[in-house]
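Now for the letters of each chain:
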2 protein chains.
Amino acid sequence: MNGSEPDQAVVLVSGGLDSCVALAWAAAQGWSLRVLHVGYGQRTARREAQAFREIADYYCVPPDRRLEVEITYLAEMGGSSLTDPRIEVEAADLERAEMPLSYVPFRNTHLLAIATSWAEVTGSELIVIGAVSEDSSGYPDCRPEYYEAFNALLRVGTAARNIRVVTPVIGLDKAAIVRLGAELGAPLHATWSCYRDEDQACGTCDSCALRLRGFQRAAVPDPAPYRVRPIYE
Amino acid sequence: MNGSEPDQAVVLVSGGLDSCVALAWAAAQGWSLRVLHVGYGQRTARREAQAFREIADYYCVPPDRRLEVEITYLAEMGGSSLTDPRIEVEAADLERAEMPLSYVPFRNTHLLAIATSWAEVTGSELIVIGAVSEDSSGYPDCRPEYYEAFNALLRVGTAARNIRVVTPVIGLDKAAIVRLGAELGAPLHATWSCYRDEDQACGTCDSCALRLRGFQRAAVPDPAPYRVRPIYE
């Protein structure tokens, strides 16, 4: 922090639970916020963009501090159930050992590269991402060592040399994220997590399962509309 | 190399001199090649895409091993003379100490992230980029330490864990790149380097100046059409 000038942060906001709580945390630091949403041709892109706008409205982020970006090439390459209509979204398996079909290769690097370019152009020193390591689907670009390596890349790869990524919820389980969000007054009602559907959440994909279990363990009511609402406790 | 199976490589081909020679080098290794071109809203995007196609044709790369991607968000963010029409492309200054206005923040990370996702989906273990460190414009994402950091990121950030970036011309000056390209029979006539113009090269931007000086020092005729052709030796 530099005297009376608040730090500037670019916050990646997918529209999901984790990034919403990460944004609430960044707001609580008193940082001056920019919000960035990246659609990548995933099945629920429209619904997630809507969630992003509602969350940004809730935090009164002015239009010139919002950026929505569409990247099309990940869907063109395929290889993930989230972007390739020929690959079905798997039923939830919270004990799965192998990489789930929902894995989008190197996805977070695309998101962080866009955030970094925007941070450098706007003179922001912080990037906030709601990556979660433990209570998640095991994607490699959600682990702490990935963020350490990305921060090392930032130190040598930008002209500014002072940009860094912070991951406020990376070590929390979903129940702790729900509790933190509730404590901070985050607009959890506006978030969307389902990998499959846009109107009613399916309740049975990995992302719905992780979310439902998190709300149930935190004993907080989940405001999302579910087609089926399994008990995961 | 794995017995009789050639290694698979994704080669980034901008249409410029350096990436053309990097591709020639990769072809000479006997690798099985995929070529990737990324347009990012730069002034000479159309001409560079044409150069990419001619170079890919020269190496007989089949259509299903070519990928052309357009990213629009770097131009939306502005901040570089290459993507922002309100910022003029500077006249050449090969002794300039500060970062040139042509710097596109973190650009190569976007290119490498796309190459990595494509490599992971296609089972390729190598990514080739024609970055040049010394005889260049001083961009941070063209230095060897940037590529060391990116390779460290690849080891932790992909499910494959075996992808690595190679930079065959990073330590060469432009004259050595021209000589290597001529030796390897690279289609130098098809390349485009000018930052400003698409029909005749201006001859006076940093990129033209570096190229012209390289060809002159290598004593190889530069086949590009120039509006003016200063002597840089």
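Here the structure is a predicted model, which means the values were calculated and not measured.

Reading the values: rules and limits
Residues numbered from 1 in each chain as written. Chains lettered and ligands numbered in written order. Predicted model: local features only at pLDDT ≥ 70, side-chain atom pairs only at ≥ 80, totals over all residues. Helix = DSSP H or I, 4+ residues; strand = E, 2+ residues; numbered from the N terminus. Buried ≥ 20, exposed ≤ 12 C-beta atoms within 10 Å, placed from the backbone. Contact = placed C-beta atoms within 7 Å. Nonpolar A, V, L, I, M, F, W, Y, C, P; charged D, E, K, R; others polar. Pairing = 2+ DSSP bridges. Axes fitted to C-alpha atoms, helices over the stretch in contact; angles between N-to-C directions. Least-squares fit on C-alpha atoms with pLDDT ≥ 70 in both. Parallel < 35°, antiparallel > 145°, perpendicular 65-115°, else oblique. Left-handed = near helix turned anticlockwise from the far one by under 90°.

Enquirer: What's the story with the overall build of chain A in this structure? I'm lost.
Expert: Check the secondary structure of chain A and you find seven helices and five strands. Scanning chain A from its N terminus toward the C terminus, one meets helices and strands in the order β-α-β-α-β-α-α-β-α-β-α-α. Considered along the principal axes of its C-alpha atoms, chain A spans approximately 50 × 40 × 30 Å. When each of the 233 residues of chain A is scored for burial, the buried share is 52%. Counting only contacts in chain A whose residues sit at least 6 apart along the sequence, the fraction spanning at least 24 positions is 70%.

Enquirer: What am I meant to see in the interface of chain B and chain A here?
Expert: Think of interface size as the accessible area that goes away when the parts come together; that is how it is often given. Between chain B and chain A, the residue contacts involve 33 residues of the former and 33 residues of the latter. At the level of secondary structure, the elements contributing two or more residues to the side of chain B that touches chain A comprise helix 3 (73–77), helix 4 (107–122) and helix 5 (144–157) of chain B. Residue contributions to the side of chain B that touches chain A peak at nine residues, all from helix 4 of chain B. Classifying every residue of the side of chain B that touches chain A gives 21 nonpolar, eight polar and four charged.

Enquirer: Which parts of the structure should I look at to understand the sheet that holds strand 1 (residues 8–12) of chain A?
Expert: Residue and element names in this part refer to chain A. Spatial ordering of the open sheet is given by 3-2-1-4-5, a layout of five strands whose pairing is parallel. Edge positions in the sheet fall to strand 3 (66–70) and strand 5 (164–166), since each has one partner strand and no second. Adjacent strand axes in the sheet meet at a mean angle of 25 degrees, parallel and antiparallel pairs treated alike. Relative to strand 4 (residues 126–128), strand 1 runs parallel, the two being bridged by three bridges. Note on strand 4: the bridge partner recorded for V10 is I127. The strands touched by helix 1 (residues 17–28) within the sheet are strand 1, strand 2 (32–39) and strand 4, with strand 1 carrying the most contacts at an inclination of about 170 degrees. Running over the sheet, helix 2 (residues 45–58) touches strand 2 and strand 3 and is turned about 170 degrees from strand 2.

Enquirer: Where do I start with the relation of the copies chain B and chain A in this structure?
Expert: Two copies of a chain can be linked by a rotation about an axis combined with a shift along that same axis. Of the transformation placing chain B onto chain A, the axial shift is 0.0 Å and the rotation is 180 degrees, giving an RMSD of 0.0 Å. As the rotation angle and translation indicate, the two copies are arranged about a two-fold axis. When the interface residues of chain B are mapped onto chain A, 100% of them again lie at the interface, so the same face is used by both copies.

Enquirer: I keep staring at the packing of helix 1 (residues 17–28) of chain B against helix 6 (residues 174–183) of chain B and nothing clicks. Help me out?
Expert: In helix packing, the relevant descriptors are the interaxial angle and the interaxial distance, both defined with respect to the helix axes. All names here are of chain B. Contact geometry of helix 1 with helix 6 gives a least axis separation of 9 Å together with a crossing angle of 45 degrees. Considering their axes alone, helix 1 and helix 6 lie oblique with respect to each other. Remark: the crossing between helix 1 and helix 6 carries left-handed chirality. Each of L17, D18, C20, V21 and A24 in helix 1 lies in contact with helix 6, whose residues at this interface are I177, L180 and G181. Here the contact of helix 1 with helix 6 is composed, by residue class, of six nonpolar, one polar and one charged.

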